[in-house]
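What follows is each chain in one-letter form.
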Amino acid sequence: MSLSRCCRYCEQIFQPSIYRPQQSVCSQPDCQRRRCSDYHRERIRNDSSYAEDVRASQKKWSQAHPEYWKQYRPQHPAAVDRNRNQQRKRDQKRRLLNLAKKNLALDLKHEVREVWLLGPGVKDLAKNNLASAKIFIYQPLVSNSGPAHRS
């Protein structure tokens, strides 16, 4: 009898197949789909001839079905909205990464004052040197320790 394992995707305990003792993914369809997708992506990244074959296959399919996307978008408005939102996020991330590499502003790491960068885009700034932000400057209250000098 083989030992139980934890699926790396759904984290559920499963019994590996007796024919595949090194099995690390359970047999649930979603987990197997993710395993195949990960393998495919990794193979494209590491095997240039495989990646070339995939691109050629996609191009051939696209040429055989030229109207696909024109028909898909009107029939799937939720997918269009989702894609539009994801593209906005990608564009924002690209802008932040480009800004972070240009060092056009003063270096906030070595600023005497405390500077806090907040927001979802901060993690994308490589050096935290430049960020677009709304800045609020609060002056400290004047203490009552002495008279104020006018000049």
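Computed from a predicted model, the values in this text were never measured in an experiment.

Cut-offs and rules
Residues numbered from 1 in each chain as written. Predicted model: local features only at pLDDT ≥ 70, side-chain atom pairs only at ≥ 80, totals over all residues. Heavy atoms only, no water. Helix = DSSP H or I, 4+ residues; strand = E, 2+ residues; numbered from the N terminus. Buried < 20%, exposed > 50% of the residue type's maximum accessible area, 1.4 Å probe, protein only. Contact = heavy atoms within 4.5 Å. Areas by Shrake-Rupley, 256 points an atom, 1.4 Å probe, with all protein chains shown as cover. 1 Å grid on protein atoms, 1.4 Å probe; cavity = no way out; pocket = protein on both sides within 12 Å on 5 of 7 lines; lining within 4 Å. Points joined across faces, edges and corners; volume = space filled by probe spheres on them. Nonpolar A, V, L, I, M, F, W, Y, C, P; charged D, E, K, R; others polar. Phe/Tyr/Trp six-rings, centres within 6.5 Å; stacked < 30°, edge-to-face > 60°. Lys NZ or Arg CZ within 6 Å of the ring centre and 35° of its normal. Patch = residues over 30% accessible without salt bridge, like charges linked within 9 Å, V, L, I, M, F, W, Y side chains within 5 Å. Salt bridge = Lys/Arg side-chain N within 4 Å of Asp/Glu carboxyl O. Axes fitted to C-alpha atoms, helices over the stretch in contact; angles between N-to-C directions. Parallel < 35°, antiparallel > 145°, perpendicular 65-115°, else oblique.

Caption draft 1: Quick peek at the overall build of the protein chain. The number of helices and strands found in the protein chain is four helices and two strands. N-terminal to C-terminal, the α/β element order of the protein chain is β-β-α-α-α-α. The burial tally for the protein chain puts 11% of its 151 residues in the buried class. Taking all contacts inside the protein chain whose residues are at least 6 apart in sequence as the whole, residues at least 24 apart take part in 23%. Total accessible area on the protein chain stands at roughly 14100 Å², and carbon and sulfur atoms take up 53% of it.

Caption draft 2: Inspection of the side chain of Gln 23 at higher detail. Here Gln 23 shows up in the loop between strand E2 (13–14) and helix H1 (29–46). Ignoring sequence-local partners within four residues, the contact set of Gln 23 consists of Arg 5, Phe 14, Pro 16 and Ser 17.

Caption draft 3: Summary view of the layout of surface pockets. Volume-wise, the second largest pocket comes out at about 200 Å³. As for the second largest pocket, its lining consists of Arg 8, Arg 20, Gln 23, Ser 24, Val 25, Gln 32, Arg 35 and Tyr 39. Of the residues belonging to the lining of the second largest pocket, the class tally is two nonpolar, three polar and three charged.

Caption draft 4: Highlighting the packing of aromatic side chains. Counted by the stated rule, this structure contains four aromatic pairs. Between the aromatic rings of Trp 61 and Tyr 68, the centroid separation amounts to 5.3 Å while the plane-to-plane angle is 75°, which identifies the pairing as edge-to-face. Overall, Tyr 68 belongs to the partly exposed group, its relative accessible area being 33%. In textbook terms, an aromatic cluster arises when at least three aromatic residues are bridged by ring pairs, as seen for Trp 61, Tyr 68, Trp 69 and Tyr 72. A cation over an aromatic ring shows up here: Arg 43 above the ring of Tyr 50, its NZ or CZ 4.3 Å from the ring centre.

Caption draft 5: Quick look at a nonpolar patch on the surface. Taken together, Trp 61, Tyr 68 and Trp 69 make up a surface patch of nonpolar side chains, about 330 Å² in accessible area. Topologically, Tyr 68 is positioned in helix H3 (residues 68–75).

Caption draft 6: Structural view of the pattern of salt bridges. A full pass over the atoms with the stated rule returns six salt bridges. Residues Arg 41 and Asp 38 are paired through a salt bridge, measuring 2.9 Å at the closest nitrogen-oxygen approach. Of this pair, Arg 41 and Asp 38 both sit in helix H1, separated by three residues, roughly a single helical turn. One salt bridge connects Arg 84 with Asp 81, and the closest N-O pair in it is separated by 3.3 Å. Within this pair, Arg 84 and its partner Asp 81 are both found in helix H4 (residues 77–102), separated by three residues, close to a single helical turn.

Caption draft 7: Geometry of the packing of H1 against helix H2 (residues 48–64). Direction vectors running N to C along H1 and H2 enclose 115°, while the axes themselves pass 5 Å from each other. When the axis of H1 is compared with that of H2, the two are roughly perpendicular. Taken together, the residues of H2 that come into contact with H1 (itself represented by His 40, Arg 43, Ile 44 and Asn 46) are Ser 48, Tyr 50, Ala 51 and Val 54. In the contact of H1 with H2, the residues fall into four nonpolar, three polar and one charged.

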